[in-house]
Amino acid sequence: MRFPLPRRRPAVTFPPPAPVPLHTPGTELPPGCVPLETALRIARKALARHGGANIHSKPAMYFAAVDLEHALRTLVTAHEQEA
């Protein structure tokens, strides 16, 4: 006994999305450019968050390293923008 195959739906086509530039030089602030007070607050929060991290835990050290690197880069960028 053969069962009839279900009918296939026609393919749906969507219009292509409009192109968006990834970077427009001269109109955007550098990445991480925030006021110095905000950068200091970010750095203090990162230090407080990872101050008690277990040094024997690789994931904890990876998270701490990435978070602290981001805080440091933000702080350096904010300091350079102030100067």
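This write-up is about the structure you can find in this document. What you are looking at is a predicted structure, and each value in this text was computed from that prediction instead of being measured. (Residues numbered from 1 in each chain as written. Predicted model: local features only at pLDDT ≥ 70, side-chain atom pairs only at ≥ 80, totals over all residues. Heavy atoms only, no water.)

1. Here's the deal with the pattern of salt bridges
Throughout the structure, instances matching the rule amount to 2 salt bridges. Its salt-bridge partner being R49, residue D67 comes within 2.8 Å of it at the nearest N-O pair. Remark: R49 occurs in helix α1 (residues 36-50) and D67 occurs in helix α2 (residues 58-82); sequence separation between them is 18 residues. Note that E69 is salt-bridged to R73, the shortest N-O span being 3.0 Å. Taken as a pair, E69 and R73 lie in helix α2 at a separation of 4 residues, close to a single helical turn. By relative accessible area, E69 is classed as partly exposed at 40%. Owing to a relative accessible area of 55%, R73 belongs among the exposed residues under this scheme. (Salt bridge = Lys/Arg side-chain N within 4 Å of Asp/Glu carboxyl O. Helix = DSSP H or I, 4+ residues; strand = E, 2+ residues; numbered from the N terminus. Buried < 20%, exposed > 50% of the residue type's maximum accessible area, 1.4 Å probe, protein only.)

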